[in-house]
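# Working through the structure, step by step
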Amino acid sequence: MSSNYRNFRNNVPWLILFLEAVFIVLFYFLFSHGDESRSMVSYAAFQDVNHMVIFGFGFFLTFLRRYGFSSTGFNLLIVVLGVQCSVLIEDLFYFLLEIPYEDGLKRITKAAVSITAVVISTGAVLGKTNPVQLILMTVVEIIVFHMSRWINSMYLQVPDDIGMMHVHLFGAYFGLAVSSCFSEPSPRSEKNASTPKSALLSMLGTLFLWVFWPSFNSVLSVDNRWKVTYNTYFALAVSAVTAFTFSAMTTKDGKFRMAHIHSAVLAGGVAVGYTANRIRYPWIAMILGLLASVITVLGSYCLQRCLNPALKIHDSSGVHFTFGFPAVLGALAQVVLLV
């Protein structure tokens, strides 16, 4: 924690209580109508996304020695505040644009998907921010994310299920932009160090994310949910195999480096999120998973040694090559399939 945070430590609970009071008042005025419509999202699918956001990213962010336990708690705080804020902002858009309201389960499912962008951004600034800054970043990023998604939907005619998938791209580069505003910790600082225990817990979070990623990509699909799940699983499988292969090929002793595997096994799921409903054959998803994993492993070398020092960017958990690069690849693949 920064030294300035100590002066505001007593104000943190009051800030949280103030935000919650505002949310309750807004919910009273915006959600006074009844909602008895049947949900298009099953409760099991919502639970998969909820487990992924809470458990997966909660453990994924435990890689730092000093913030191992607190990062899991920060993740829960960000998620529960961000989901309420996301539902309110989207409901406000529905009210202003006079769009028919959706059922409650689909709202919180979309809010859980939206908050993924904030959690990804947290990985880029973890160790340099305090809870006050994280809470403010959550509120601001959720507002900007919904504005970005509204522009994509209204002017670019991007379908809702695909429009939600740019959370990886948005979260990665928003987090890098926020990270550039803070000074980089010393390489020998305790804030940058990790332990075998923290690395193991972070790898456990990666396994949670890997297991639930097909549900994450398919939760908002209406007609082709089975196809999205099918293609996502094959992309994840190939990216995992490629991660182990390139990890051994890029090390001098030929051993696996869990740092590579930790980030590259998820690359296929990120890349195929845009195109999973349009891919007709699984070999296309497998190629995307392979390319995404290769880009992630090679990008970790190039960014950490060349680009990040030149641009003075400090990426705590490597969200640039874990989520940013594969998301760019997925967006380009979507453009190619549309053309």
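Note that this is a predicted model, so its numbers are computed, not measured. (Residues numbered from 1 in each chain as written. Predicted model: local features only at pLDDT ≥ 70, side-chain atom pairs only at ≥ 80, totals over all residues. Heavy atoms only, no water.)

### A look at the overall build of the chain
Counting secondary structure elements, the chain contains 13 helices and zero strands. Counting across all 339 residues of the chain, residues that qualify as buried make up 51%. Of the roughly 16,400 Å² that the chain leaves accessible, carbon and sulfur atoms contribute 68%. (Helix = DSSP H or I, 4+ residues; strand = E, 2+ residues; numbered from the N terminus. Buried < 20%, exposed > 50% of the residue type's maximum accessible area, 1.4 Å probe, protein only. Areas by Shrake-Rupley, 256 points an atom, 1.4 Å probe, with all protein chains shown as cover.)

### A word on the packing of aromatic side chains
Under the criterion given, the structure shown has 14 aromatic pairs. Between the aromatic rings of Phe 208 and Phe 212, the centroid separation amounts to 6.4 Å while the plane-to-plane angle is 15°, which identifies the pairing as stacked. With a gap of four residues between them, Phe 208 and Phe 212 both fall in helix 8 (residues 196-218), about one helical turn apart. On the basis of relative accessibility, which here comes to 27%, the residue Phe 208 falls in the partly exposed class. The exposure class assigned to Phe 212 is buried, which follows from its relative accessible area of 15%. With a centroid separation of 5.5 Å and 70° between ring planes, the pair formed by Trp 210 and Tyr 233 is classed as edge-to-face. (Phe/Tyr/Trp six-rings, centres within 6.5 Å; stacked < 30°, edge-to-face > 60°.)

### A closer look at the UniProt feature "transmembrane region" (unreviewed entry) in the chain
According to UniProt, the positions carrying the feature "transmembrane region" (unreviewed entry) are residues 12-31, 43-64, 76-96, 108-127, 134-151, 194-213, 233-251 and 283-303. Span residues 233-251 is 89% helix and 0% strand, its end C-alpha atoms 28 Å apart. (UniProt positions renumbered as here; feature names shortened; annotations may be inferred.)

### Some remarks on helix 5 (residues 131-154)
Its 24 residues place the ends of helix 5 34 Å apart at the C-alpha level, agreeing with the 34 Å of an ideal helix rising 1.5 Å per residue. Inspection of helix 5 places Pro 131, Val 132, Leu 134, Ile 135, Met 137, Thr 138, Glu 141, Ile 142, Phe 145, His 146, Arg 149 and Asn 152 among the buried residues, and these make up the whole buried set. (Expected span 1.5 Å × (residues − 1).)

### A look at the layout of surface pockets
In this model, the second largest pocket occupies a volume close to 320 Å³. What lines the second largest pocket is a set of 16 residues, and nearest its centre among them are Val 158, Ile 162, Tyr 274, Gln 334 and Leu 338. Sorting the residues of the lining of the second largest pocket by element identifies helix 6 (160-163) and helix 13 (319-338) as the ones contributing at least two each. With four residues, the top contributor of residues to the lining of the second largest pocket is helix 13. Residue composition of the lining of the second largest pocket, grouped by class: nine nonpolar, six polar and one charged. (1 Å grid on protein atoms, 1.4 Å probe; cavity = no way out; pocket = protein on both sides within 12 Å on 5 of 7 lines; lining within 4 Å. Points joined across faces, edges and corners; volume = space filled by probe spheres on them. Nonpolar A, V, L, I, M, F, W, Y, C, P; charged D, E, K, R; others polar.)

### Regarding the pattern of salt bridges
This model, assessed by the stated rule, comprises three salt bridges. The shortest N-O distance in the salt bridge between Glu 90 and Lys 110 comes to 2.7 Å. Residue Glu 90 is found in helix 3 (residues 68-97), and its partner Lys 110 is found in helix 4 (residues 104-125); the two are separated by 20 residues along the sequence. Arg 107 is the partner of Asp 91 in a salt bridge, and the nearest nitrogen-oxygen pair spans 3.6 Å. Taken together, the residues Asp 91 in helix 3 and Arg 107 in helix 4 connect sequence positions 16 residues apart. The exposure classification of Asp 91 matches that of Arg 107, with both residues buried. Three or more residues are tied together by salt bridges with common partners; here these are Glu 90, Lys 110 and Arg 149. (Salt bridge = Lys/Arg side-chain N within 4 Å of Asp/Glu carboxyl O.)

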